[in-house]
Amino acid sequence: MTAYAAVLLAGGAARRMGGVDKPARPVGGQPMLHRVLAAVARAEPRIVVGAAGAVPPGVRVTREEPPGGGPVAATRAGIALLDPATTTVALLAADLPLLTAGAVDDLLRQLAGSAVDGACYVDGDGRRQQLCGVWRVAALRAALDRLAAQRGGTLDGAPVRALLARLTVREVAWSGSGPPPWFDCDTDEDVRRAEEWTR
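Basis of the calculations
- Residues numbered from 1 in each chain as written.
- Predicted model: local features only at pLDDT ≥ 70, side-chain atom pairs only at ≥ 80, totals over all residues.
- Heavy atoms only, no water.
- Disulfide = S-S within 2.5 Å.
- Buried < 20%, exposed > 50% of the residue type's maximum accessible area, 1.4 Å probe, protein only.
- pLDDT = per-residue confidence, 0-100.
- Contact = heavy atoms within 4.5 Å.
- Helix = DSSP H or I, 4+ residues; strand = E, 2+ residues; numbered from the N terminus.
- Salt bridge = Lys/Arg side-chain N within 4 Å of Asp/Glu carboxyl O.
- Lys, Arg positive; Asp, Glu negative; His and termini not counted.
- Phe/Tyr/Trp six-rings, centres within 6.5 Å; stacked < 30°, edge-to-face > 60°.
- Core = buried A, V, L, I, M, F, W, Y, C linked by side-chain atoms within 4.5 Å.
- Axes fitted to C-alpha atoms, helices over the stretch in contact; angles between N-to-C directions.
- Parallel < 35°, antiparallel > 145°, perpendicular 65-115°, else oblique.
- Left-handed = near helix turned anticlockwise from the far one by under 90°.
- Nonpolar A, V, L, I, M, F, W, Y, C, P; charged D, E, K, R; others polar.

## Remarks on the state of the cysteines
Thinking step 1. Tallying each qualifying case throughout the model produces zero disulfides.
Thinking step 2. The closest cysteine sulfur to the non-disulfide-bonded Cys 120 is located on Cys 132, 8.2 Å from its own sulfur.
Thinking step 3. Residue classification places Cys 120 among the buried residues on the basis of a relative accessible area of 0%.

Below, the structure is given as structure tokens:
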């Protein structure tokens, strides 16, 4: 299987949860962030961007600039820590408690041997789950540079769709037997649903 790095974005404001530390919310007895880190245990390095609290040994933590600058600024901060030789990165939201190593491996297989820039899951309505994907690092770096140039040098508040707009993407439908790995928890109700799936 392809060697890869992982960048987890943990800096959201969680407004729909009253501003709590969302990645620290437990699902199935574990913080969501730790569940996502477990799904990418084979990645090297594993980087968390945001106020992560306690993380397992070997996990690097950094912050986006400016703090609270959004997922694209966070992506740049995480990518900046990768070794220049790293070719593939899993770019993931930190609130994906149902993500599994098998689901990540499926995305890596979809990317390997193809000419696309990335592979990400799509939900049942065909919407791309762009923060549940794997990407070629060179393509992401070029997209970050291009978008920053378009925005006068800043990525503060830039939307993910603008970052990925010109990249070629393989859309992957989840065909596994378990719950959808792209399911993210934006509300208390989402957390309850995820808990039910983990029982």
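## Considering the confidence of the model for the protein
Thinking step 1. The predicted model of the protein averages 92 in pLDDT, with 94% of residues at 70 or higher.
Thinking step 2. The low-confidence segment residues 13-18, where pLDDT is below 50, has 13 contacts with residues more than four positions distant or belonging to other chains.

## Quick notes on helix 2 (residues 71-79)
Thinking step 1. Most of helix 2 is tucked away, with seven of its nine residues classed as buried.
Thinking step 2. Within helix 2, the full set of buried residues consists of Val 72, Ala 73, Ala 74, Thr 75, Ala 77, Gly 78 and Ile 79.
Thinking step 3. Those residues of helix 2 hidden inside the fold are in contact with strand 1 (5-9), strand 4 (46-49), strand 5 (60-62), strand 6 (88-93), helix 4 (137-150) and helix 5 (160-164).

## A word on the pattern of salt bridges
Thinking step 1. As enumerated under the stated definition, the model contains ten salt bridges in all.
Thinking step 2. Across the pair Asp 95 and Lys 22 runs a salt bridge, and its minimum N-O distance is 2.9 Å. Within this pair, whereas Asp 95 is found in the loop between strand 6 and helix 3 (101-111), its partner Lys 22 is found in the loop between strand 1 and strand 2 (26-27), the two being separated by 73 residues in sequence. In terms of burial, Asp 95 and Lys 22 fall into one category: buried.
Thinking step 3. Arg 63 is the partner of Glu 64 in a salt bridge, and the nearest nitrogen-oxygen pair spans 3.6 Å.
Thinking step 4. Taken together, the shared-partner salt bridges in this structure form one network comprising Lys 22, Asp 95 and Asp 186.

## A short note on the side chain of Asp 190
Thinking step 1. If you trace the backbone, Asp 190 turns up in helix 6 (residues 188-198).
Thinking step 2. Buried and unpaired, Asp 190 has no salt bridge, with Arg 193 as the nearest side chain of opposite charge at 5.0 Å.
Thinking step 3. When neighbours within four sequence positions are excluded, Asp 190 is seen to be in contact with Phe 183, Asp 184 and Cys 185.

## A short note on the packing of aromatic side chains
Thinking step 1. The final tally for this structure, using the stated rule, is two aromatic pairs.
Thinking step 2. Between Tyr 121 and Trp 174, the ring centres sit 5.9 Å apart and the planes meet at 80°, which makes this aromatic pair edge-to-face. Of the two residues, Tyr 121 sits in strand 7 (residues 118-122) while Trp 174 sits in the loop between strand 9 (169-173) and helix 6, which places them 53 residues apart along the sequence.
Thinking step 3. You can call Tyr 121 buried: its relative accessible area is 0%.

## Regarding helix 3
Thinking step 1. Looking at helix 3, one finds that the buried residues are Ala 103, Val 104, Asp 105, Asp 106, Leu 107, Leu 108 and Leu 111.
Thinking step 2. Here the buried face of helix 3 lies against helix 1 (32-39), strand 6, strand 7, strand 8 (128-136) and strand 9.

## Some thoughts on the nonpolar core
Thinking step 1. Ranked by internal contacts, the top residues of the largest apolar core, which has 37 residues, are Leu 8, Val 40, Leu 92 and Leu 99.
Thinking step 2. Looking at this core, the elements that each hand over two or more residues are strand 1, helix 1, strand 6, helix 3, strand 7, strand 8 and helix 6.
Thinking step 3. Once you skip the residues sitting within four places of it in the chain, Val 40 turns out to touch Tyr 4, Ala 6, Leu 8, Arg 46, Leu 92 and Val 104.
Thinking step 4. Among the nonpolar cores identified, the runner-up in size contains 29 residues, and Ala 73, Leu 82, Val 137 and Leu 140 belong to it.

## Here's the deal with the packing of helix 2 against helix 4
Thinking step 1. The contact between helix 2 and helix 4 brings their axes to 11 Å, and the two run at 130°. Of the possible angle classes, the one that applies to helix 2 and helix 4 is oblique. Where helix 2 crosses over helix 4, the two elements pack in a sense that is left-handed. Where helix 2 approaches helix 4, its residues Val 72, Thr 75, Arg 76 and Ile 79 are matched on the opposing element by Val 137, Leu 140, Arg 141, Leu 144, Leu 147 and Ala 148.
Thinking step 2. Here the residues of the contact of helix 2 with helix 4 are counted per class, giving seven nonpolar, one polar and two charged.

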